[in-house]
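The lines below spell out each chain.
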Amino acid sequence: MASGQGSNFEALVRACRGGPLNAEVVQLVVNNPVCGARQRAKRLGIPCQLHDHRDHSLRQDLDRQVAASFAASDVDLVVMAGWMRIVTPVLIAAYPGRLVNIHPSLLPSFRGLDAVGQALAAGVTLTGCTAHLVEEAVDAGPILVQAAVPVLRSDDHGSLAARIQAQEHRILPFAVALAALRLDQTGAATPAIQG
Ligand code: GRF
């Protein structure tokens, strides 16, 4: 699931294709018709479905559509790779323990919008990114993987965001593998990191 540039989406695809992640990205869902993620899906040959949030007055209705399209593709695990909408129990309950989010801070610090700006405003010297399982509270839920990123005195929003994103691309495949390992105990999972 992506709303923006889709660099995390592409990192996951690359981790599966010749990378260490033994999984397949079977589908991308976007909520924005002109997002970069949609172009990347086209270039990478991944089926992409558009579910525009502006077509739904209720968040639950959007989530119902999204969940239905994943069910139709028989997906095991869902990744919110820069999904800029708050998800509801409709989607969370459809993928219990199978819904992973990536957030550009060391949670539980700097939840919500513009976590990079929040970190700069707070003057912290260390921030980072977190991949976690999704629960109802925004940017909460069991942490799977974190990476720390130092804040440099020379940093502005763009430079810090770029360094954090590079780390997001590294940890997201591992988070998918860890989520799969947790599911393994129920015999339901397939993806795994090799080597
Ligand atoms: C990422 O930094 C993610 O943490 C945040 O949105 C950004 C998405 O970037 N939630 P991209 O679309 O994957 O390039």
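Just above sits the structure.
Please read all numbers here as calculations on a predicted model, not as lab measurements. (Residues numbered from 1 in each chain as written. Predicted model: local features only at pLDDT ≥ 70, side-chain atom pairs only at ≥ 80, totals over all residues. Heavy atoms only, no water.)

## So, the packing of aromatic side chains
Turning to step 1, where the next piece is worked out: Taken as a whole and judged by the stated rule, the model has 1 aromatic pair.
Turning to step 2, where the next piece is worked out: Ring centres of F70 and Y95 lie 6.2 Å apart, and the angle between their planes is 90°; on these two criteria the pair is classed as edge-to-face. Separated by 25 residues along the polypeptide, F70 in helix α3 (residues 59-72) and Y95 in the loop between α4 (89-94) and β4 (99-103) bring together distant segments of the chain.
Turning to step 3, where the next piece is worked out: With relative accessibility at 3%, the residue F70 sits in the buried group. (Phe/Tyr/Trp six-rings, centres within 6.5 Å; stacked < 30°, edge-to-face > 60°. Helix = DSSP H or I, 4+ residues; strand = E, 2+ residues; numbered from the N terminus. Buried < 20%, exposed > 50% of the residue type's maximum accessible area, 1.4 Å probe, protein only.)

## Observations regarding the pattern of salt bridges
Turning to step 1, where the next piece is worked out: Taken as a whole and assessed by the stated rule, the structure comprises 6 salt bridges.
Turning to step 2, where the next piece is worked out: We note a salt bridge from R40 to E10, for which the minimum N-O separation is 2.9 Å. Placement of the pair is R40 in helix α2 (residues 36-44) and E10 in helix α1 (residues 7-16), with a sequence separation of 30 residues. The pair R40 / E10 is uniform in exposure class, with both members buried.
Turning to step 3, where the next piece is worked out: The residue D61 makes a salt bridge to R64 at a minimum N-O spacing of 3.0 Å. Remark: R64 and D61 occur in helix α3; sequence separation between them is 3 residues, near one turn of the helix.
Turning to step 4, where the next piece is worked out: With relative accessibility at 46%, the residue R64 sits in the partly exposed group.
Turning to step 5, where the next piece is worked out: Residues joined in a network through salt bridges with shared partners are E10, R14, R40 and R43. (Salt bridge = Lys/Arg side-chain N within 4 Å of Asp/Glu carboxyl O.)

## Focus on helix α5 (residues 115-122)
Turning to step 1, where the next piece is worked out: All of the buried residues along α5 are A115, V116, G117 and A119.
Turning to step 2, where the next piece is worked out: Buried positions along α5 lie against β4, β5 (126-133) and α6 (157-184).
Turning to step 3, where the next piece is worked out: G123 lies just past α5 and shows a positive phi near 75°. (Contact = heavy atoms within 4.5 Å.)

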